[in-house]
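Notes for the structure review
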Amino acid sequence: MSEVKSRTLAMGESEAVVGRASMFAPFAAGTLKAAESHDELVLLTADLGKYTDTADFRHKHPQRFFNVGMAEQSLVMTAAGLSKVGKVAYCTTYGTFATRRAYDFLAIACAHSEENVKMFAGNPGLASGYGGTHQANEDLALMRSIPNMTVLDPCDATEMMQIAAMAADIPGTVYCRLLRAHVPVVFDPATHRVRIGKGHVTGAGADVGFVSTGSMTERVLDARDALARQGVASSVFHTASIKPFDAQGLVEFAASVKRLVVCENHVASGGLATLAIDALYEAGLHRPLLKIAIPDQFTECGSHAWLLDKYGLSTARIVERVGAWLR
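Residues numbered from 1 in each chain as written. Predicted model: local features only at pLDDT ≥ 70, side-chain atom pairs only at ≥ 80, totals over all residues. Heavy atoms only, no water.

**Side note on the sheet that holds strand S2 (residues 41-45)**
Here we have seven strands laid out as an open sheet, ordered S3-S2-S4-S5-S7-S6-S12, and mixed in their pairing. The open sheet has two edge strands with one neighbour each: strand S3 (65-67) and strand S12 (241-243). Between one strand axis and the next, the sheet turns by 20 degrees as a mean value, whatever way the strands run. (Pairing = 2+ DSSP bridges. Helix = DSSP H or I, 4+ residues; strand = E, 2+ residues; numbered from the N terminus. Axes fitted to C-alpha atoms, helices over the stretch in contact; angles between N-to-C directions.)

If you want it as structure tokens, here you go:
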């Protein structure tokens, strides 16, 4: 493992974006855009507004902003009640609190009744440096198991802003991983569009096909470039849409490559790798497949870079693992 500084950031502090353009608070920009055409849109938080980019909305629409306090179950139930009287309820908190503490409430009060509740959950996976209590490493598996639930994992500022802007028009309950503060711009906002239920293919290399979601796509694209310098031709199937999932698109992509590498900022069970394997099995298509994901354990505290390197999710570790796998 390479030497990476392990300082854990202070609460609310964000990682610096190095070597790539970034945007501050894309969720706020997208939510304000949605609010322009949806007078019924309200925004709620559970005492984490400062850390989930709600300030701009609160300042512009103070009568449409609610802080329910440090009570995630109350957050979800209040949102469900507001939906029942015609509101579109955007919610923000950390992913661990939204899923582990309020799972039943999201499942029954929201998804079961097809309520217009949109949960934006911060600190997904190893985005948090605060260890197992604050790292939502299994949230996608939990949320995609709920019927009537749309589950999204944006890659960058472009996708985060677009999803926040469109979520009010997505029917029913939505769970979206929240990318906050300074967020890298990976996809060109002038040309890239998030499509619910559809993947996005980059490149045409056939030696390796990367399948990725969320923030891992940034590292996969960098790994693709590094592997190209080693003579390995690869392409990338990125999906921000976990549920619904583009199984047909994944199978078509897999048919065009020799091997598959699935990369996700999530445990290897129940997330993207499981979706990919299920799609291949049902299609009768066989490809060697390498999983790069968070291991089945409670992960440690540390800086974002240190955690990614320790658990094999950094660009350097992806290149290392794929190179060893191909030899």
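From this point, the discussion proceeds with the structure in view.
**Concerning the nonpolar core**
Membership of the largest hydrophobic core comes to 44 residues, with the highest contact counts inside it found for Leu44, Met119, Met149, Tyr175, Val211 and Leu250. For this core, the leading source of residues is helix H10 (residues 272-283), giving six residues. The contact partners of Tyr175, leaving out residues within four places of it in the chain, are Gly95, Ala98, Thr99, Met119, Ala121, Asp139, Met143, Met149, Thr150, Val151 and Leu152. Ranked by size, the runner-up nonpolar core spans 28 residues in total, among them Cys155, Val186, Cys263 and Val322. (Core = buried A, V, L, I, M, F, W, Y, C linked by side-chain atoms within 4.5 Å. Buried < 20%, exposed > 50% of the residue type's maximum accessible area, 1.4 Å probe, protein only. Contact = heavy atoms within 4.5 Å.)

**Side note on the pattern of salt bridges**
With the rule as written, the count across this model stands at eleven salt bridges. Notably, a salt bridge pairs Glu138 with Arg100, separated by 3.1 Å at the nearest N-O pair. With Glu138 in the loop between strand S5 (117-122) and helix H6 (139-144) and Arg100 in helix H4 (residues 95-101), this pair connects stretches of sequence that are 38 residues apart. Classification of Glu138 as partly exposed rests on a relative accessible area of 22%. Arg224 is the salt-bridge partner of Asp225, the closest N and O atoms lying 3.6 Å from each other. With a relative accessible area of 37%, Asp225 lands in the partly exposed category. Each of Arg20, Glu218 and Asp222 takes part in salt bridges that share partners, so that together they form one network. (Salt bridge = Lys/Arg side-chain N within 4 Å of Asp/Glu carboxyl O.)

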